[in-house]
Amino acid sequence: MATTVTPVTNRKPGYRDLLRTPGAWTFLLPGFLARQPFAMLTLGIVLLVEDTTGSFGTAGVVSAVTGVSMALFAPRSGRLADRFGQRAVLVPGVLLHAAAVGVLAALALSRAPLWALLLAAVPAGASVPQVGPMVRARWAHLLRGGPDSPDGSGPPGGPGGARLLSTAAAFESVTDELTFVIGPVLATALCTGVHPAAGLAAEAALTVVGGLLFAAQRRTAPPAHRRARGADGAPHASALSVPGVRVLIVAFLGIGAVFGGMQVSMAAFTDSIGQPGLNGVLYGIFAAGNMLAGLVFGALTWRSAPQRRLLAAYALLTLTTAPLWAVDVVPLLAVLGLLTGMGIAPSLITGFTLVERLVPAGVRTEAFTWMAGAVALGQAVAASAAGQLTDGFGASAGFTVPLAATALALVTVAALRGWLKPGGGQEGDGRTDGGKAGDGRPGDRRPGDGKGPRAG
């Protein structure tokens, strides 16, 4: 299967060029279906456990354990997918996840003690299918080292495919946020309008159906790398050995804290004013801001270095979270939620673009799952912290969590931004393919190495 590439011109390859990549639609549609559960799981747990216990603090703790478990196991899942193939990991994973979620829901409905809920939350989180990172790995495989590239080190036919990688990162961010528009609204509607456990039941069903359909698409899956190797030929132990990946993990922890803090705090706020059904709408507006910003960001050709873009985007995100705690009316919260959402997409897109540039092909899925795991961990810790603050100090107190987390992450990214350059840090960048013309790596001499965005 040949890979579509775009001639190297001054025009930035757009979404139309990306979606014309042969085989793309075969994994995009089932991948989108399989991603819905990720946006529904933590909120479904919060709504069910709060309904059965009457405490947002307890609900936040159970949700946090799920997120922590996912964060700890996701990189291992990604590494196994790199070594043995995505299908080998995904098929048993979706079945295990559906069973684990069913057990957790049954325990919550039977008003089991907290320790039992926490134990059940561990496998529910550990088995979350890493479909988003797998989709990103497929894009990288098709655009940089597609099926016609024997060693997986570059796209057949020239650098055009590599130039689409930033567009793919933007497209994936938009897709993720579309799930966070649909998922929370669907989970809230099911939990408040049908049954408190209906959100988790739908999450489990979508996991099985979407995951199995995605796993069936073998032609676009990246090949297994039984022993990923670095530039010196030595085994490349882990994506975590790349210093820039560790910096990006901190950045994604902060982004996850925004998701978790907003979920719990918005749920608590709408519950405090007697309109719990508005929670899904408000969170959907927040996610819509992220999605719209992603569309715009992906339509621009950026001339500044990606590490500079990440720093600027993160500063904007921190700024937008600052006034949330002082809001006490729905319309203003909706506006600020929209602005906060718009601050997330540039950070996510640039972060994933940097990940792809810093790691070798043999650990791509693992690297992407480290990012997904960081978001989940940040979301989990923030959900727990926001729940405790909400129970102790009122509905608005939870909104201080996103501000604190993003501020700390911003300081870290600013201090260690040099590690985000190829070759930055003690261990180097770990790349095996070197700089390719047109992909924004060293040696790239295409137009657009100055500063500032340009419409494309």
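Please read these numbers as outputs of a predicted model, since none were measured by experiment.

Participant: How would you sum up the layout of surface pockets? Please name residues and give values.
Facilitator: The space that makes up the second largest pocket amounts to roughly 250 Å³. As for the second largest pocket, its lining consists of 14 residues, of which Ala-293, Phe-297, Leu-316, Met-342 and Pro-346 are closest to the centre. For the lining of the second largest pocket, the secondary structure elements donating two or more residues are α11 (278–298), α12 (306–321) and α13 (330–358). The element that contributes the greatest number of residues to the lining of the second largest pocket is α12, accounting for five residues.

Participant: Tell me about empty space enclosed by the protein, residues and numbers included.
Facilitator: Enumeration over the complete set of coordinates arrives at two cavities of 30 Å³ or more. One number sums up the size of the largest cavity: a volume of about 310 Å³. Considering the residues around the largest cavity, the lining is formed by 24 residues, among which Phe-38, Gly-132, Arg-136, Asp-176 and Ala-372 are closest to the centre. Secondary-structure elements contributing two or more residues to the lining of the largest cavity are α2 (24–53), α6 (131–143), α8 (165–193), α10 (243–272), α13 and α14 (364–393). Here the second largest cavity defines a volume of roughly 90 Å³. Taken together, Phe-38, Leu-41, Thr-42, Thr-66, Gly-67, Met-70, Val-128, Ala-376 and Gln-379 make up the full set of residues lining the second largest cavity. Counting residues per element, the ones that place at least two in the lining of the second largest cavity are α2, α3 (56–84) and α14. Of the residues contributing to the lining of the second largest cavity, the split by class is five nonpolar, four polar and no charged.

Participant: Please give an account of the packing of aromatic side chains that cites residues and values.
Facilitator: Evaluated as defined, the whole model comprises five aromatic pairs. A centroid spacing of 5.9 Å and a plane angle of 55° characterise the contact between Phe-352 and Phe-368, whose relative ring orientation is tilted. One end of the pair, Phe-352, is in helix α13; the other, Phe-368, is in helix α14, and 16 residues separate them in sequence. Looking at Phe-352, the relative accessible area reads 9%, which means it is buried. Phe-368 sits in the buried class, given a relative accessible area of 4%. Following the ring pairs from residue to residue traces out a cluster consisting of Phe-27, Trp-139 and Phe-171.

Participant: Give a description of unusual backbone geometry that names residues and reports values.
Facilitator: Here the phi dihedral of Arg-111 falls at roughly 55°; this positive angle occurs in a residue that is not glycine. Judged by its relative accessible area of 56%, Arg-111 is exposed.

Participant: How would you explain the side chain of Gln-307 if you had to name every residue and give the values?
Facilitator: Examined against the element boundaries, Gln-307 turns out to sit in helix α12. Under the relative-accessibility criterion, Gln-307 is labelled buried at 12%. Not counting chain neighbours up to four residues away, the residues in contact with Gln-307 comprise Leu-354, Arg-417, Leu-420 and Lys-421.

Participant: So what about α12? Which residues, and what values?
Facilitator: Across its 16 residues, α12 extends 23 Å between first and last C-alpha, which sits within 8% of the 22 Å expected from 1.5 Å per residue. Residues Pro-306, Gln-307, Arg-309, Leu-310, Ala-313, Tyr-314, Leu-317, Thr-318, Thr-320 and Thr-321 constitute the buried set of α12. Relative to the axis of α12, the buried residues are bounded by an arc of 165° and lie together on one face. Away from its buried face, by an angle of more than 90 degrees, α12 presents the exposed residues Arg-308 and Leu-319. In this structure, the buried side of α12 is in contact with α10, α11, β1 (300–302), α13 and α15 (400–415).

Participant: Just give me the short version of the nonpolar core, but keep the residues and values in it.
Facilitator: Core analysis: the biggest nonpolar cluster contains 80 residues, and Leu-248, Phe-252, Met-262, Phe-286, Ile-344, Val-359 and Met-371 have the highest contact counts within it. Ignoring sequence-local partners within four residues, the contact set of Ile-344 consists of Ile-255, Val-258, Phe-259, Phe-286, Asn-290 and Leu-317.

The rules behind these values
- Residues numbered from 1 in each chain as written.
- Predicted model: local features only at pLDDT ≥ 70, side-chain atom pairs only at ≥ 80, totals over all residues.
- Heavy atoms only, no water.
- 1 Å grid on protein atoms, 1.4 Å probe; cavity = no way out; pocket = protein on both sides within 12 Å on 5 of 7 lines; lining within 4 Å.
- Points joined across faces, edges and corners; volume = space filled by probe spheres on them.
- Helix = DSSP H or I, 4+ residues; strand = E, 2+ residues; numbered from the N terminus.
- Nonpolar A, V, L, I, M, F, W, Y, C, P; charged D, E, K, R; others polar.
- Phe/Tyr/Trp six-rings, centres within 6.5 Å; stacked < 30°, edge-to-face > 60°.
- Buried < 20%, exposed > 50% of the residue type's maximum accessible area, 1.4 Å probe, protein only.
- Contact = heavy atoms within 4.5 Å.
- Expected span 1.5 Å × (residues − 1).
- Arc of directions from axis to C-beta.
- Core = buried A, V, L, I, M, F, W, Y, C linked by side-chain atoms within 4.5 Å.

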